[in-house]
Amino acid sequence: MVTHVAAAALALGIAFSGSALDMDTVTPFMDLGECRITTYCPSCNTGAGHESSSGVWLEYGHAACNWLPVGTVIDIEGERFEIVDTCGTDAIDLFVETDGCQCDLNEYRHVYIVKGAKQ
Ligand SMILES: [Zn+2]
């Protein structure tokens, strides 16, 4: 199966390793196409609460992803999110503050890279 990311990378002539994008070759405003978006909160962050894998204290505007490096800033329909955490699925997982877990979002939304991790 070719993922949206792989398709976007291939369209731009970028060699896609199948695991993560090489941010040295990614330009700002690279169009990632429609990506699956989910949410997570302190309750369902597998016992970690506000702690992220990068050490950043999680708050709204932060996101987890296993194919975009920590430090990448993305745009989802006009809102900006920074990747600071890793994710157990292929989705981009947005951190939300809720009273009890209400993490039922699972939708495809258009995503652009605003800033690569090394830019
Ligand atoms: Zn939750």
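These numbers come from a predicted model, not from an experiment.

Quick look at the overall build of the protein chain now. Across its full length, the protein chain holds 1 helix and 6 strands. Taken from N to C terminus, the helices and strands of the protein chain fall in the order α-β-β-β-β-β-β. For the protein chain, the residues scored as buried account for 27% of the 119 residues in total. Here the contacts in the protein chain between residues at least 6 apart in sequence split such that 73% fall between residues at least 24 apart.

What the 6 strands build is a closed barrel, ordered S1-S5-S2-S4-S3-S6; its pairing is mixed. The average undirected angle you get between the axes of adjacent strands in this sheet is 50°. Bridge count between strand S1 (residues 31-40) and strand S6 (residues 106-115): 7 bridges; the pairing is antiparallel. Paired with Thr-38 across the two strands is Asn-106, which belongs to S6.

On to the nonpolar core. The biggest cluster of nonpolar side chains holds 21 residues, and the ones touching the most others in it are Ala-63, Cys-65, Ile-92 and Leu-94. Of all the secondary structure elements, the ones that give two or more residues to this core are S1, strand S2 (62-64), strand S4 (79-85), strand S5 (92-95) and S6. It is S1 that provides the largest number of residues to this core, a total of 4 residues. Setting aside its immediate chain neighbours within four residues, Ile-92 contacts Cys-35, Ile-37, Ala-63, Cys-65 and Val-111.

Bridge analysis of S2 against S4 gives 3 bridges, and the strand direction is parallel. For Ala-64, the partnering residue across the bridge sits in S4 and is Asp-85. Note: strand S3 (residues 73-76) against S4, 4 bridges, orientation antiparallel. Note on S4: the bridge partner recorded for Ile-76 is Glu-79. Connecting S3 to the antiparallel partner S4 that follows it, the hairpin turn spans 2 residues, and Glu-77 within it adopts a positive phi of roughly 50°.

With a phi angle near 35°, Thr-46 is a residue other than glycine that sits in the positive phi range. Position of Thr-46 relative to the elements: it lies in the loop between S1 and S2.

In this model, the protein chain carries an average pLDDT of 84, and 76% of its residues clear a pLDDT of 70 or more. Considering only residues more than four positions removed or in separate chains, one finds that residues 9-18, a stretch of pLDDT under 50, has 7 contacts.

Turning to the pairing of S3, a few remarks are in order. Strand direction decides the pairing type here: S3 and S6, joined by 4 bridges, are antiparallel. Within the sheet, the bridge partner assigned to Ile-74 lies in S6 and is Ile-113.

Following the sequence through the fold, Ala-63 ends up in strand S2. The buried category is assigned to Ala-63, around which 28 C-beta atoms lie within 10 Å. Expressed as a C-alpha distance, the spacing of Ala-63 and Ile-74, which sit 11 residues apart in the sequence, is 9.3 Å. Once residues lying within four places of it in the same chain are set aside, the contact partners of Ala-63 are Phe-81, Glu-82, Ile-83, Ile-92, Asp-93, Leu-94 and Phe-95.

Rules of the game
Residues numbered from 1 in each chain as written. Predicted model: local features only at pLDDT ≥ 70, side-chain atom pairs only at ≥ 80, totals over all residues. Helix = DSSP H or I, 4+ residues; strand = E, 2+ residues; numbered from the N terminus. Buried ≥ 20, exposed ≤ 12 C-beta atoms within 10 Å, placed from the backbone. Contact = placed C-beta atoms within 7 Å. Pairing = 2+ DSSP bridges. Axes fitted to C-alpha atoms, helices over the stretch in contact; angles between N-to-C directions. Core = buried A, V, L, I, M, F, W, Y, C linked by C-beta atoms within 7 Å. pLDDT = per-residue confidence, 0-100.

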